[in-house]
Structures are given as structure tokens and as C-alpha cells.
Number of protein chains: 2
Amino acid sequence: MDNRSIGVFDSGLGGLTAAKEIMKLFPNESIVYFGDTGRVPYGTRSKDTIIKYTHGDIRFLLSHNVKMIVIACGTASSAALPHIREDYDVPIYGVVDAAVYEAVRVTKNKKIGIIGTSATIRSGAYTKYIKEYDSRMQTFEHACPLFVPLVENGHFDTKVTELLIEEYLSDIRDAGVDTLILGCTHYPLLAGAISRFMGSDVTLISPGGEVAKFLRKKLTDELRHDDIPDKNQYKFFVSDSIEQFEELGSIFLEKTIDGQVSKIDIEKY
Amino acid sequence: MDNRSIGVFDSGLGGLTAAKEIMKLFPNESIVYFGDTGRVPYGTRSKDTIIKYTHGDIRFLLSHNVKMIVIACGTASSAALPHIREDYDVPIYGVVDAAVYEAVRVTKNKKIGIIGTSATIRSGAYTKYIKEYDSRMQTFEHACPLFVPLVENGHFDTKVTELLIEEYLSDIRDAGVDTLILGCTHYPLLAGAISRFMGSDVTLISPGGEVAKFLRKKLTDELRHDDIPDKNQYKFFVSDSIEQFEELGSIFLEKTIDGQVSKIDIEKY
């Protein structure tokens, strides 16, 4: 059995939803989590900068001797991962892989909507992978650049949120999709309002939640499937304030992480 | 005459409004501008991180042998400058100095409103400096964390903008201020909608525009006041995509800067 940790990173906090699912499905696995809170957000940056930051994040996790890396950031998974996967010896999985796997499985009418940050939509990664699975699939994409700031400022279900959902999602709804990928780890926090707008017959796919299930399907050998935790360890690192991450992170994970978070200088990696 | 350049930096593009005014009032001065587009925004980060980034930005400008530095970023001016001014030999001026100077001059009822990023409001810098000028002044502050993303996504005067102005500014309006400092270089782009909400008798102060006037008042000797440009030079540096900065920067400056922008690795400074 490989006792090394699983490395997980995100541009910030949102990837903790993926970490939480991994903890649940693989209770014996140790996790090293990095949230790049000093350089968040990634979704507004150029492809080159996202690739540069992603390399740094991976090098940091490798310095902790992880056995595999999960990119829990929708932007890094779509805009950077396809370009850098071959550069490393450890396996690297992104939320795009997981979300596409699930979306293709659940759609009946083969019409899939995808929303994400500007960089994610610009990358075209979702459509590319979906069509690799099945070229008859139709995809409908829209960038939602104001969703991340909305979530970070507590606008989960306000009139402002409603107006922006209408602005971003009308075309996708009118196209008649039966499946919608929420291609950014922040978006599930808007799921209630999005679902009301899209209608209850549209399935929402949350990549953070799918990635752990995806690992369980794909990795029958590499991961420990026994479900009695013995001595797993969870370590959290950030590139900005520890206090803020502890406070919000405990909400995301539904358990306290006080005292388990360290600050690092990611620019050195 | 000191022929060295004036250094100007901002977390991104917004500081170009200050650069533009400096170009106008001091046509003989050369300018080195740095926009930290790879790490923008500053306004959501912790004080420690803002101070660290500000040091890097200053060290970069000093590597270009500037004679003085203008911090055109409201967040860096308020959250970092008070803590680092003494660390450098060149004079450093921030937009807070300039905006306070003007606000105190124009208010009649001594009630001044201040809006800015979360970090700016948390710093309390505006209120502190205003009360240093005149302890009888009353200030009313409110963070407006969604204004920067709104501006960056073209929501200058939409229903969404209106709702958020109401959310953020109602208390300040009800307090009866006659002067409102728009404490972030992005906010002047919302001035039309803000002014409609506040009423035409409230004077809006745009720090980016004030900083050049402030320099002219303060620096009677250090800067060239002759107004026939001879061989000034403008250089622009960014930490993310050149193309995007050229495109938007030309709009801010109302003249093309194509071919004058270089990308640097700010993490090395």
C-alpha cells in the first residue's frame, strides 16, 4: 500500500469541496491541500499565467512527496492541465475529467451546458473532452465572471444573483440542455438559484463532488478502499491569511481545521 | 533638473487614470508604470500580503531608477503605505493623501463618505488622515467588494449595479455626507450611477484624478512645471497578458500604447 498523501490544490477555498468528498470516500488516505489564496482568482488571468501558477502549485505539492495530484480548480484543470500533464511523473487528475465523465453518463438528449470562469470557457476544454467521448454531443458554454465574486460576498440567492443568472444562462436554457456542468468550485453555492432558473429537469453536475467518485472508479488499485481510518493526516497550506482560511474552510469541510493550516511563500516554487 | 522618471503602480489597470493626469499636468516628465495584473486584485487580500506585494512593486520601480513613486492603487495606499513609507529613500505618495487633501478642502458640512475595497475600509486609513487634518470631521465608510468585478465586467450602469449601489451606499447617503471619496481607481467608472443615487449636491472625489493635482501643489521644486514636452518617455510593465493591457489601457489613456508594454516576473522583486 502506498502511504503517501494525495495532493489537492485550488486557487482558493472552493477545492475543499473536492477534498471533503475524497476524505469521505477514502477515509484512510492522507491529504495535503494547497489553496493559492494569495493569487486567487485564476479565472480572469491569461493562459500563460495560469500555467505558470499551476506549475508552482504542483511543485509545492510534490515537495510534500504526494503520490498523485487532484486539481480541484476548474480554471487550472481546463486552461493548464492539458498542457502540463506530461511534464510530471505522478498522475494528475482535474475536475474537468471528472465532470465530463459524469455529464456524458447522465445526459439523455446529448445536450450539455457548461458554465465557468472566463479562462475556463476560453480554453474550450469541456467541449473538447465531451466530444472525445461522443462526437454527437452538443455543448453550450457561457462564462460567468461575476459568479465567483457573488459567492465570495454572500450573494447566494439575492435579486442581484437572479439577474446575473438570467444574463448568463438564458441562452443555455433556451438551447434545451438536460445537463449543466457547474465548471467552477464556487458555483455549487449558487445551485439553488441556478436550478430554479434552469428547471428541475436539468441535472446540475458539481465537479468538486464528482472528482472523488471519479477517482474511485478509475483507481481500483492505487487507493486504499478499506474504510476504517487509521492514521490519516490532513495538512492545509495557503499563500495568504491563515485565519480567514481556517474560518471559511471549517464551514466548507464541516469540521474545524484550526491549527492545521500553514502559510507558505508559493512564489518560491 | 532631475530627469529620472516618476514611478507609478497599481494592482492593475485603474491606476492609468492617475498616470493620465500626471501626463497632462507634467508633460515633460517620464513615467514608468507597473500594473500587477498577475496578482490583481489587492482589495480582498490580507494586510500582510498587500504589504509584501507593495514592497515588490516598489523594488521593481526602483530598479528603473525612478525619482519618486506614486501608488495609484487605493488598497496599497491605505493598507500598505502607512507601514512602509519610511523604508525607502525616494518619496512615495498614495492616492489616499491626495483624496483626503481634496475632500477636506471641499466639504462644507464636515461629513465625508468613503467607499473602497474591503482591505481599504478595514485599514481605516482615510478616517485617520481626515481626522488628522481636522478632528471635527465625521466620516462614514463602507466596503464595496463587488464594485471592482462589476466594472471589470462592463456593468457600469445596469440594474445589478443599481441594486448594489443601494446595498452599499444607503447608510452613507442617509448620514447626509456632502462629499464622497471613491477610494478605488475602478469606482469612477460607476460615477454616473453613484451620483444619481447620492444626489447632485454630493461631490464625488476620484483619487486617481486628484493625485496629479496633489503633486503639483506639494512639489513645487521637484517636478518640471514647464509645459512643452521634449523627450519624455512612457514605459508600461505588467505581470500578466500584454495584449489585454494594451487593449484596455489604450481606452483608459485615450491613446494607443501598443508596443510600449512589457511583461515582467514581479515575483522576482
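Cut-offs and rules
Residues numbered from 1 in each chain as written. Chains lettered and ligands numbered in written order. Predicted model: local features only at pLDDT ≥ 70, side-chain atom pairs only at ≥ 80, totals over all residues. Heavy atoms only, no water. Buried < 20%, exposed > 50% of the residue type's maximum accessible area, 1.4 Å probe, protein only. Helix = DSSP H or I, 4+ residues; strand = E, 2+ residues; numbered from the N terminus. Contact = heavy atoms within 4.5 Å. 1 Å grid on protein atoms, 1.4 Å probe; cavity = no way out; pocket = protein on both sides within 12 Å on 5 of 7 lines; lining within 4 Å. Points joined across faces, edges and corners; volume = space filled by probe spheres on them. Least-squares fit on C-alpha atoms with pLDDT ≥ 70 in both. Pairing = 2+ DSSP bridges. Axes fitted to C-alpha atoms, helices over the stretch in contact; angles between N-to-C directions.

**Comments concerning helix 1 (residues 16–25) of chain B**
Working step 1: All of the buried residues in helix 1 of chain B are B:Leu16, B:Ala18, B:Ala19, B:Lys20, B:Ile22 and B:Met23.
Working step 2: Each element contacted by the buried residues of helix 1 of chain B is listed here: strand 1 (6–10), strand 2 (31–35), strand 3 (68–71), helix 10 (207–218), strand 9 (234–238) and helix 11 (242–253) of chain B.

**Quick word on empty space enclosed by the protein**
Where empty space is left can be seen by rolling a probe of water-molecule size over the atoms.
Working step 1: Across all of its chains, the model carries one cavity of 30 Å³ or more by this definition.
Working step 2: The calculated volume of the largest cavity comes to roughly 30 Å³.
Working step 3: Along its surface, the largest cavity is lined by A:Lys52, A:Tyr53, B:Ser239, B:Ile264, B:Asp265, B:Ile266 and B:Glu267.

**Brief notes about the relation of the copies chain B and chain A**
Working step 1: Mapping chain B onto chain A is achieved by rotating through 180 degrees and translating by 0.0 Å along the same axis, at an RMSD of 0.0 Å. Both copies are brought into coincidence by an operation consistent with a two-fold rotation axis.
Working step 2: Here 100% of the contact residues of chain B are again contact residues in chain A; the copies associate through an equivalent surface.

**Some thoughts on the sheet that holds strand 3 (residues 68–71) of chain A**
All names here are of chain A.
Working step 1: Overall, parallel pairing links the six strands, which are arranged 4-3-1-2-9-10 in an open sheet. Unpaired on one side and paired on the other, strand 4 (92–94) and strand 10 (261–263) mark the two borders of the sheet. On average, each strand axis in the sheet is inclined to that of its neighbour by 20 degrees, with strand direction left out of account.
Working step 2: As paired elements, strand 9 (residues 234–238) and strand 10 share three bridges and run parallel to each other. Bridging from a neighbouring strand, Phe 237 pairs with Ser 262 of strand 10.
Working step 3: Along the sheet, helix 3 (residues 74–84) contacts strand 1 (6–10), strand 3 and strand 4; its crossing angle with strand 4, the most-contacted strand, is approximately 135 degrees.

**Some thoughts on unusual backbone geometry**
All names here are of chain A.
Working step 1: Note the cis peptide between Val 40 and Pro 41, where omega equals 0 degrees.
Working step 2: Examined against the element boundaries, Pro 41 turns out to sit in the loop between strand 2 (31–35) and helix 2 (47–62).
Working step 3: Although it is not a glycine, Asn 65 sits at a positive phi angle of roughly 55 degrees.
Working step 4: By secondary structure assignment, the location of Asn 65 is in the loop between helix 2 and strand 3.
Working step 5: For Asn 65, a relative accessible area of 47% translates into the label partly exposed.
Working step 6: A positive phi angle, close to 55 degrees, is found at Glu 254, a residue other than glycine.
Working step 7: Structurally, Glu 254 is set in the loop between helix 11 (242–253) and strand 10.
Working step 8: Judged by its relative accessible area of 62%, Glu 254 is exposed.

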